[in-house]
Amino acid sequence: MRLHIAVKNVFPWLEQAVDGICHEVLIEVITHFEDKGWEVEAGYYPAHRLSMCRLLFNDTQTFHSDVKKAIMKTLPFNYGLYPPPDVGNEGAQIKFVKDRADELLKTSAYLHGEPDALGKASNFTHPTIKNACLSLYYSNTSSKSLRQFVKFQTYIPYKALILVAAVIHTVLSTLQKHGSEVTGHLVTEDIKCAYNGLEGQVNHILGDPYHGPKLNTSLKELAASGMTGYTAKTRIAETSRNKFDVILD
């Protein structure tokens, strides 16, 4: 189910998914059990098909929460969201976080990594994006890791990349408004809005003769790092664009 979300439909609808992709995944699981010779209790599937499909759908919501958790491991540090020691009272600290989040969104710096050897921008390669992708999709300690699927073994799919960037945007937008720790679930509609804007920018990049191949190479290298357990480190590139802009310099 998580593979479907990451590469096909990031925001499935309950009514369509339960009788659609969730049912398909459930059939695949049962077939896998039978192929392995594992016992499947007679009559259990017909009696509990709907509840099992709903359980699979609920995992999509858990997946979005897992994206946020992977991001929050490094987001405050990599984006410089910790107030310096000389920022004293709580009000000043909150203002610092708000201002920093606002700067990251307005300049679109949250998307960009270190410029390349020609001084050109590196879109969607900020350390927070890369670290979250590695932690979320390539963990070797989770049975739900997507590294077990062929689609992730040589390349990070565009939708999987955009989902991470969209959740980062949503977290920063929350900090921009409130300036305090992001707790609880993010609003799905906010993630969708960010996702749609970022998807358009990825398509824009892919149409560029220089930055399109560069992004594809970056996604291949990141997948290779994930499969070998190596996490690359880069530094942020300051930009001067709006919150969804890429740089095709």
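You'll find the structure just up there.
Basis of the calculations
- Residues numbered from 1 in each chain as written.
- Predicted model: local features only at pLDDT ≥ 70, side-chain atom pairs only at ≥ 80, totals over all residues.
- Heavy atoms only, no water.
- Helix = DSSP H or I, 4+ residues; strand = E, 2+ residues; numbered from the N terminus.
- Axes fitted to C-alpha atoms, helices over the stretch in contact; angles between N-to-C directions.
- Parallel < 35°, antiparallel > 145°, perpendicular 65-115°, else oblique.
- Left-handed = near helix turned anticlockwise from the far one by under 90°.
- Contact = heavy atoms within 4.5 Å.
- Nonpolar A, V, L, I, M, F, W, Y, C, P; charged D, E, K, R; others polar.
- Salt bridge = Lys/Arg side-chain N within 4 Å of Asp/Glu carboxyl O.
- Buried < 20%, exposed > 50% of the residue type's maximum accessible area, 1.4 Å probe, protein only.
- Phe/Tyr/Trp six-rings, centres within 6.5 Å; stacked < 30°, edge-to-face > 60°.
- Lys NZ or Arg CZ within 6 Å of the ring centre and 35° of its normal.
- 1 Å grid on protein atoms, 1.4 Å probe; cavity = no way out; pocket = protein on both sides within 12 Å on 5 of 7 lines; lining within 4 Å.
- Points joined across faces, edges and corners; volume = space filled by probe spheres on them.

Can you break down the environment of Gly113 residue by residue, with the values?
Note that Gly113 resides in strand β1 (residues 112–113). For the pair Gly113 and Thr125, spaced 12 residues apart in sequence, the C-alpha to C-alpha distance is 4.6 Å.

Pulling in residues and values, what's your account of the packing of helix α7 (residues 127–137) against helix α11 (residues 211–228)?
Where α7 contacts α11, the axes come no closer than 10 Å and their chain directions differ by 45°. Taken together, α7 and α11 sit at an angle that is classed as oblique. Like other packed secondary-structure pairs, α7 and α11 cross with a definite hand, here right-handed. Contacts from Lys130, Cys133 and Leu134 in α7 reach Leu222, Ser225 and Gly226 in α11. Looking at side-chain class alone, the contact of α7 with α11 contains three nonpolar, two polar and one charged residues.

Residues and numbers for the pattern of salt bridges, please.
Under the definition given, this model contains seven salt bridges. Taking the shortest distance from any N to any O, the salt bridge between Glu199 and Lys159 comes out at 3.4 Å. With Glu199 in helix α10 (residues 188–206) and Lys159 in helix α9 (residues 158–178), this residue pair connects regions lying 40 residues apart in the sequence. Using a relative accessible area of 24% as the deciding quantity, one classes Glu199 as partly exposed. Judged by relative accessible area, Lys159 falls into the partly exposed class, the value being 26%. Between Lys192 and Glu189 there is a salt bridge, and its shortest N-O distance comes to 3.5 Å. A residue pair is termed a helical-turn pair when its members lie 3 or 4 positions apart in one helix, as Lys192 and Glu189 do in helix α10 at three residues. Given a relative accessible area of 21%, Lys192 falls into the partly exposed group. Judged by relative accessible area, Glu189 falls into the exposed class, the value being 52%.

Provide a residue-level description of the packing of aromatic side chains, including the pertinent values.
Counted according to the given criterion, the structure contains four aromatic pairs. With a centroid separation of 5.6 Å and an interplanar angle of 90°, the aromatic rings of Phe11 and Tyr195 are classed as edge-to-face. A residue pair is termed long-range when its members are at least 10 positions apart, and Phe11 in the loop between α1 (2–7) and α2 (14–19) and Tyr195 in helix α10 qualify at 184 residues. Each member of the pair, Phe11 as well as Tyr195, is classed as buried. Among the aromatic residues, those joined into a ring-pair cluster are Tyr137, Tyr138 and Phe152. Over the face of the ring belonging to Tyr210 we find Lys120, whose NZ or CZ atom lies 5.2 Å from the ring centre.

Lay out empty space enclosed by the protein in plain terms, naming residues and giving numbers.
In the structure shown here, the tally under the stated rule is one cavity of 30 Å³ or more. Its boundaries defined by the atoms lining it, the largest cavity holds a volume of some 50 Å³. What lines the largest cavity is Ser122, Asn123, Thr125, Ile205, His211, Lys214, Leu215 and Ser218. Secondary-structure elements contributing two or more residues to the lining of the largest cavity are β2 (122–123) and α11. With four residues, the single largest contributor to the lining of the largest cavity is α11.

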